[in-house]
Amino acid sequence: MSDAELVLRSTRVITPEGTRAAAVAVSAGTITAVLPYDTEVPAGARLEDVGDHAVLPGLVDTHVHVNDPGRTEWEGFWTATRAAAAGGVTTLVDMPLNSLPPTTTVEHLRTKRDVARDKAHVDVGFWGGALPGNVEDLRPLHDAGVFGFKAFLSPSGVDEFPHLGQEQLARSLAEIAGFGGLLIVHAEDPRHLAAAPQHGGPRYADFLASRPGHAEATAIAALIAQARRLDARVHVLHLSSGDALPLIRAARADGVRITVETCPHYLTLTAEEVPDGASEFKCCPPIREAANQDLLWEALADGTVDCVVTDHSPSTADLKTDDFATAWGGISGLQLSLSAVWTAARGRGHTLEDVVRWMSARTAALVGLDARKGAIAPGRDADFAVLAPEEGFTVDPAGLQHRNRVTAYAGRALRGVVKSTWLRGERVYADGQFTSPKGTLLDRP
Ligand SMILES: [Zn+2]
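Small disclaimer: the values here were computed from a predicted structure and weren't measured.

Draft legend 1. Representation of helix H10 (residues 290-302) within the structure. For H10, which comprises 13 residues, the first-to-last C-alpha distance of 19 Å matches the rise-based estimate of 18 Å (1.5 Å per residue) to within 8%. Taken residue by residue, H10 has Asn292, Gln293, Leu296, Trp297, Ala299 and Leu300 as its buried positions. Projection of H10 onto a plane perpendicular to its axis shows the buried side chains occupying an angular sector of 160 degrees, all on one side. Where H10 is buried, its residues meet helix H8 (245-253), strand E13 (258-262), helix H9 (264-268), strand E14 (307-308), helix H11 (337-347) and helix H12 (352-366). Positive backbone phi, at 90 degrees, marks Gly303, one or two positions downstream of H10.

Draft legend 2. Here's a closer look at empty space enclosed by the protein. What the rule picks out here adds up to three cavities of 30 Å³ or more. There is about 70 Å³ of room inside the largest cavity. For the largest cavity, the full set of lining residues is Glu280, Ser313, Pro314, Ser315, Lys320, Gly330, Ile331, Ser332, Asn404, Val406, Thr407 and Ala408. Taken together, the residues of the lining of the largest cavity break down into four nonpolar, six polar and two charged. When its volume is computed, the second largest cavity comes out at roughly 40 Å³. Lining the second largest cavity we find Pro57, Gly58, Thr90, Arg372, Lys373, Gly374, Ala375, Asp381 and Asp383.

Draft legend 3. Main features of the nonpolar core. Ranked by size, the top nonpolar core spans 98 residues in total, and within it Leu56, Phe149, Leu183, Leu239 and Trp358 carry the most contacts. When residues of this core are assigned to domains, at least three fall in each of domain 1 (6-55 + 381-389 + 413-434) and domain 2 (58-366). Not counting the four nearest positions on each side in its chain, Leu183 is found in contact with Ala130, Phe149, Ala151, Leu169, Leu173, Ile176, Arg233, Val234 and His235. Counting residues in each nonpolar core, the second largest holds 18 residues, with Trp74, Val93, Leu131 and Leu237 among its members.

Draft legend 4. Examining the domain arrangement of the protein chain more closely. Each assigned domain of the protein chain is listed with its residue range as follows: domain 1 (6-55 + 381-389 + 413-434) and domain 2 (58-366). With 22 residues of domain 1 at the interface, the matching set in domain 2 holds 20 residues. With both chains or domains summed, domain 1 and domain 2 bury close to 1800 Å², and 65% of this area falls on carbon and sulfur atoms. Taken together, the connections running from domain 1 to domain 2 amount to one salt bridge. Between Arg424 and Asp123 there is a salt bridge whose closest N-O contact spans 2.5 Å. In this structure, the connection of domain 1 to domain 2 is made through seven residue pairs in polar contact (both at pLDDT 80 or more). Every element with two or more residues in the side of domain 1 that touches domain 2 is listed here: strand E2 (18-27), strand E15 (384-394), strand E16 (413-423) and strand E17 (426-430). Looking at which element gives the most residues to the side of domain 1 that touches domain 2, the answer is E16, with eight residues. Of the residues in the side of domain 1 that touches domain 2, the class split is 14 nonpolar, four polar and four charged.

Draft legend 5. Structural context of the coordination of the zinc ion. The protein atoms that coordinate the zinc ion are His63 (NE2), His65 (NE2) and Asp311 (OD), at distances of 2.1 Å. Coordination of the zinc ion draws on donor residues from a single chain, spaced H-x1-H-x245-D in sequence. There is no split in this pair, since His63 and His65 are both buried.

Draft legend 6. The arrangement of the state of the cysteines in detail. Summed over the entire model, instances satisfying the criterion amount to zero disulfides. Free cysteine Cys263: the closest other cysteine sulfur is in Cys283, separated by 7.3 Å. The class for Cys263 is buried, based on a relative accessible area of 0%.

Here is what the cut-offs are and how they apply
Residues numbered from 1 in each chain as written. Predicted model: local features only at pLDDT ≥ 70, side-chain atom pairs only at ≥ 80, totals over all residues. Heavy atoms only, no water. Helix = DSSP H or I, 4+ residues; strand = E, 2+ residues; numbered from the N terminus. Expected span 1.5 Å × (residues − 1). Buried < 20%, exposed > 50% of the residue type's maximum accessible area, 1.4 Å probe, protein only. Arc of directions from axis to C-beta. Contact = heavy atoms within 4.5 Å. 1 Å grid on protein atoms, 1.4 Å probe; cavity = no way out; pocket = protein on both sides within 12 Å on 5 of 7 lines; lining within 4 Å. Points joined across faces, edges and corners; volume = space filled by probe spheres on them. Nonpolar A, V, L, I, M, F, W, Y, C, P; charged D, E, K, R; others polar. Core = buried A, V, L, I, M, F, W, Y, C linked by side-chain atoms within 4.5 Å. Domains from an automatic or database assignment. Buried area = accessible area lost by both parts, 1.4 Å probe. Salt bridge = Lys/Arg side-chain N within 4 Å of Asp/Glu carboxyl O. Polar contact = N/O pair within 3.5 Å; in protein donor to acceptor, adjacent residues only side chain to side chain. Donors = N, O, S within 2.8 Å, 3.2 Å for Na, K, Ca; no water. Disulfide = S-S within 2.5 Å.

Written out as structure tokens, the structure is:
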């Protein structure tokens, strides 16, 4: 490590080979070596010793709604990426909807990149959108660097991003498969949603009944059939229901190329504890019962669910009314995801290595960034989250960085405090303080 500029040392560095005391050598923003803890620090290198704090590869959150430009009163690149940095997230991939314009043409992608460029406190990539009318835009978007394409199979919640019917799904997926792309899908079947009781109002039980688990399972079954027929690569977004897990396991065993994510709120919050009228807990698909949550944890443990991402999707507070039918659906968890997942994971006997696999390694692999991100190993970007795993805190919305400080986690006691966050060898966040934005805009490799 003779050319190292920085040596980051800890008794708990989480590497792909396990957790160990190590000295991580960094040069020009890249990890050059992971060495024994007591290796002599070369002259000219700066030593940062974080003691017993755990050093994790920075998290890669592939499901974030930044809403910028167009709905910047909801969220924006400046605030979202500060929330990310404060939460140990060093890469986020922005969803194509809720911004105006949505990321559905190359021109729109250019608009978004221009807006994000000077505001990014962490690295930012972009998903494209697959709409009923934009099949001919998909390949140009792919060539312009989006990581894949998002589609809805039921109404998205915003008029400018209509969902795909089954024939439209087949057309878009065939096009995407033709250039080796990835389709990521909000999978709820609209017929099952329409057939469910739609009472509206403030009762959480009524909202839950309006988005049944079999709506997810039915949509996922149809997606699996299309992926199998076209030999296409697909990814299920924010799985909330355990009903679909047997289908997914069987499809995988058959060689269907399908991956699956779930979210911190499905793993840490339960329907039983959502107060009536508390629409800060509203998201689609919904937070379900504790027994269902156990199925999601089992599926994470056995690898059926690949990864955990936030689906950070804020709005202004006034849209979070006490009527679950009309309130904006979305949970803002970007800054708290690591602590929330770690708190629940350790209670179930999981390790920080598991959390890193779910929230950094596998998400990096999902978007093809695994040569650069997702591990503390030579050749990767020197992106780190320094975590005090045993330290506890109570969530105070006033300490959150996202634009509208509405959160389902308010008042929760969590473990795991992010002490500092590093992006390509620079400390971009520490103890509530941020540097000027150092993030870059990423293209699909
Ligand atoms: Zn989403």
